[in-house]
Amino acid sequence: MYLKKIEIAGFKSFVKKDVLSFTSPISAIVGPNGSGKSNIAEAFRFVLGEQSMKSMRGRRGEDLIFNGSPSIPRVNRASVKVFFDNSKRFLDIDYDEVVIERTVHRDGINQYIINGSQVRLKDVIELLAHANIGSSGHHIISQGESDRILNAGIRERREMIEDALGLKIFQYKKQESERKLSKTGENIAQVMSLRKEISPHLMFLERQVKKIEKSFAMRDEVKELYNEYLKREDEYLKYQRSRIEQEKKEPAKKLIHLERKLAETKELLSQGEHGDKKGREVIKIEEDLGIVRTEKDAKSRELGRIEGQLVFEERRRILEAEKQKQGVHKMVPLKEVEELVGNIKSDIEKVQKQTDISKVKTALSLVIDTLKQFLSIRRTAGSGEESSFKRELETLSNTKEELEDYVERLAKEEDNLMKAYESLRREVEAVKDESRMAEREMFHIMSEQSELRGKLNMTEALEERVHVERENFEREITEARVLVGKAVIDFLDYHVVDKEGNKLDRAAIVKEPRTVQEERRRAIEKIKIRLEDVGGGTGDDTMTEFKEAKERDDFLGRELEDLKASAQSLGELISELEKKLDVQFKEGISKINAVFQNFFSILFDGGTAHLSVVKELRRARLSEELEAGEEASPEESYEGIEVHVNLPHKRIKGLEMLSGGERALTSIALLFAMSQVNPPPFIILDETDAALDEANSRKYGDMIENLSKSSQLILITHNRETMSRAGVLYGITMGSDGVSKLLSVRLEEAVQTAK
Ligand code: ATP
């Protein structure tokens, strides 16, 4: 026996602390109508965690608290304690005695206490569920409720039987798993949509990163090429400069010397007997020639520079044309783009006005045509960039031509002066005396000067070209630094080597034909174009962003795997539980059927009764499906329990045809059968025997005695036969104070009290 006693204080008609001890397998509670017997059954429901107010005949928590009577004031809390003997650990808690207590206050607040510690309702329910004291209260049959199982629908009936069979715990687990599964499903969907959301960006970043990695490889390649190219170029230019300087040195020195001699001779010619007409003519020609030559020298140098620039510009033009060919860049004037946008806008506006789909299609293909046309025109047309190069080249070539013309004119002038000079010289040479010594000397100096100037002039023009080349070279270095990075280009420390890996010195370097260096430069340009296509920059930000995005995606991927795995195991758990439920339920039903049949035939002196599992379709779907001629899928039907009875000597179809008494007997047979198969620790029956006649009361008494072997019984009754089977009898009375009074009685007194 597990149930020891119940303590009731302030609950309904009980005011001060009343204790009912259950020391016998069968206890009966007797008393006149309205004395508070059913309140005791409700006190049990209350303390065991009942949440339905209706089943405790109240609307609010307050209705459960003693409300006072004309002579006794109301109280503020109702409290019920139930005491269990747990020495056999039928409750899963390590105490020999377990006291469960529930209190409700006037403000509706409930408190649950297990062995003095406040707990949650859930804890109480879980503790009891393990001991087959289920929340559906199949072990507490309220007054007039015994045939509830017959009135219930097949589904509710199934639930009651499941509860009685102790299968609710599996149902809870199943529901819990189903809740988790649906939550997991939601999480899976969420993670999947998150991944889908970031996927385009991730793909974009991945492409960027690939480009960046490719550009790194190209940059390494171009760095190597650049180093060799720049080093060679530097060496070449340095060599050229020193060579020119060397070449200039001697003539320059001689010229200075000649200049001095010329000045002296001029001085001589301009004074005394030398200051005659011939002398002045020589000086004049020398001076004119000086002016023309200085001018010609300057312009020749300028020409040299222009030629240098032209080489550079031409090189750039070829590079740009190459880029155009590969379609890397294409400049489109803003005006043309605006025009295109305008055209498309008006095309679309036309589409918007259309309602006819075929016209919409035609109008849309118009838009596509407009776009195609634009592209094809732009593809074939030269770009603005190209024409600007052309202009630049044209200007340079024009300047060059002008300069050439000018230099030619100067050369002619020089030529004329030289002719005059020649005839003058011949005249002077013709005089064979000493008188024209100074003039002769002058001619001598002048022809020497002319020769030296010619040499120097060429060298200087070359110097100018080399100077321009040096400028271009500096620009190339800047470009290289932009492209490959400042620190990476360190060509000065670079060593040019031959095929065998031997270090080459300057002399060896400049021996190489310039065309080879030109090829090297073109190779660099080619890589540069490809690099531009890939896009510049170090891509640090993109790399970091990609790394982060990838990590996030990987994380989500792992999470998705985990979620899917847990969904799988939840699904397996659910089907396992379903299988278990199904097997145990069907086993339970057949066990119940055996006992049910037995009890039924005892009560009715024959006849048959049994439960059957039936499938029913959901009503809402049923009619639709029948109309549509479809078959219902298994999920849309559910299993319930049908009760079949066959009374002896009667032809009865269906429970509706039973009399009140027959109904009560059938219910009793079924309820007792359910309790027998999976006995709860205690059963409370509130006037279940009310409708029984004397003969049946005896049979009922026998059955009760039998049942009390497996469950403790608390019987609220007016029935003498039932009372006689009880070991303990409590009498309840209610006086004029409206308070239930409790007294232990003997059978004879009980019979008296009950009246
Ligand atoms: P019957 O034999 O007719 O079924 P019973 O002995 O089962 O009667 P109950 O229904 O348990 O009687 O008791 C009803 C009594 O409890 C009534 O007198 C009712 O006034 C009283 N009662 C119910 N709630 C309260 C309350 N909150 N405060 C005071 N009395 C209450």
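A. Spotlight on helix α7 (residues 334-353). Over its 20 residues, α7 extends 29 Å from the first C-alpha to the last, a length consistent with the 28 Å expected when each residue adds 1.5 Å. Turning to α7, its buried residues are Leu340, Ile344, Asp347 and Val351. When α7 is viewed along its axis, its buried side chains cluster within an angular range of 60 degrees and face the same direction. Exposed and facing more than 90 degrees away from the buried side of α7 are Leu334, Lys335, Glu339, Val341, Lys345, Gln352 and Lys353.

B. Inspection of the pairing of strand β6 (residues 110-114) at higher detail. Here strand β5 (residues 97-105) pairs with β6 via five bridges, running antiparallel. Paired with Glu101 across the strands is Ile113, a residue of β6. Counting the residues between successive antiparallel strands, the hairpin from β5 to β6 contains four residues, one of them, Gly108, with a positive phi of roughly 90 degrees. By the bridge criterion, three bridges tie β6 to strand β7 (residues 117-119) in an arrangement that is antiparallel.

C. Spotlight on the pattern of salt bridges. Scanning the model with the defined rule gives 61 salt bridges in all. Salt-bridge contacts for Asp94 lead to Arg89; the nearest nitrogen and oxygen are separated by 2.9 Å. The salt bridge partner of Asp123 is Arg120, with a shortest N-O separation of 3.0 Å. Bridged by salt links that share partners, the residues Arg158, Glu162, Asp582, Lys586 and Glu639 form one connected network.

D. Seen up close, the site of the ligand. Around the ligand, 19 residues are found, and the nearest of them are Gly34, Lys37, Ser38, Asn39 and Gln143. With respect to the ligand, the backbone of Gly36 contributes an N or O atom lying 3.1 Å from an oxygen atom. Here an oxygen atom of the ligand and a side-chain polar atom of Ser38 are 2.8 Å apart. Notes on the ligand: free accessible area 650 Å², of which the protein chains cover 75%. Looking at the shell around the ligand element by element, the count peaks at three residues for helix α1 (residues 37-47). Looking at the shell around the ligand residue by residue, the class counts come to four nonpolar, ten polar and five charged.

E. Broad picture of unusual backbone geometry. Notably, His649 is not glycine yet its phi reads approximately 65 degrees, a positive angle. Examined against the element boundaries, His649 turns out to sit in the loop between β10 (637-646) and α15 (660-677). Positioned with a positive phi, Glu687 is a non-glycine residue whose angle comes to about 55 degrees. Its place among the elements puts Glu687 in the loop between β11 (682-686) and α16 (694-707). On the accessibility criterion, Glu687 (14% relative accessible area) is buried.

F. Up close: empty space enclosed by the protein. Considering all chains together, one arrives at four cavities of 30 Å³ or more under this definition. Computed from the structure, the second largest cavity encloses a volume of approximately 70 Å³. Every residue lining the second largest cavity is listed: Arg232, Tyr236, Ile509, Val510, Glu512, Pro513, Arg514 and Gln517. When residues of the lining of the second largest cavity are traced back to their parent elements, those giving at least two are α5 (168-270), α11 (506-511) and α12 (514-534). When its residues are assigned to classes, the lining of the second largest cavity shows four nonpolar, one polar and three charged.

G. Representation of the packing of aromatic side chains. In this structure the tally under the stated criterion is eleven aromatic pairs. Centroid distance Tyr2 to Phe90: 4.2 Å. Interplanar angle 25 degrees. Geometry classified as stacked. Here Tyr2 is found in the segment before β1 (3-9), whereas its partner Phe90 is found in the loop between β4 (77-85) and β5, with 88 residues between them in sequence. Overall, Tyr2 belongs to the partly exposed group, its relative accessible area being 27%. Summarising the aromatic geometry, the rings of Phe11 and Phe46 are spaced 5.2 Å apart at their centres and angled 40 degrees between planes, so their arrangement reads as tilted.

About the thresholds
Residues numbered from 1 in each chain as written. Predicted model: local features only at pLDDT ≥ 70, side-chain atom pairs only at ≥ 80, totals over all residues. Heavy atoms only, no water. Helix = DSSP H or I, 4+ residues; strand = E, 2+ residues; numbered from the N terminus. Expected span 1.5 Å × (residues − 1). Buried < 20%, exposed > 50% of the residue type's maximum accessible area, 1.4 Å probe, protein only. Arc of directions from axis to C-beta. Pairing = 2+ DSSP bridges. Salt bridge = Lys/Arg side-chain N within 4 Å of Asp/Glu carboxyl O. Near = heavy atom within 4 Å. Polar contact = N/O pair within 3.5 Å; in protein donor to acceptor, adjacent residues only side chain to side chain. Areas by Shrake-Rupley, 256 points an atom, 1.4 Å probe, with all protein chains shown as cover. Nonpolar A, V, L, I, M, F, W, Y, C, P; charged D, E, K, R; others polar. 1 Å grid on protein atoms, 1.4 Å probe; cavity = no way out; pocket = protein on both sides within 12 Å on 5 of 7 lines; lining within 4 Å. Points joined across faces, edges and corners; volume = space filled by probe spheres on them. Phe/Tyr/Trp six-rings, centres within 6.5 Å; stacked < 30°, edge-to-face > 60°.

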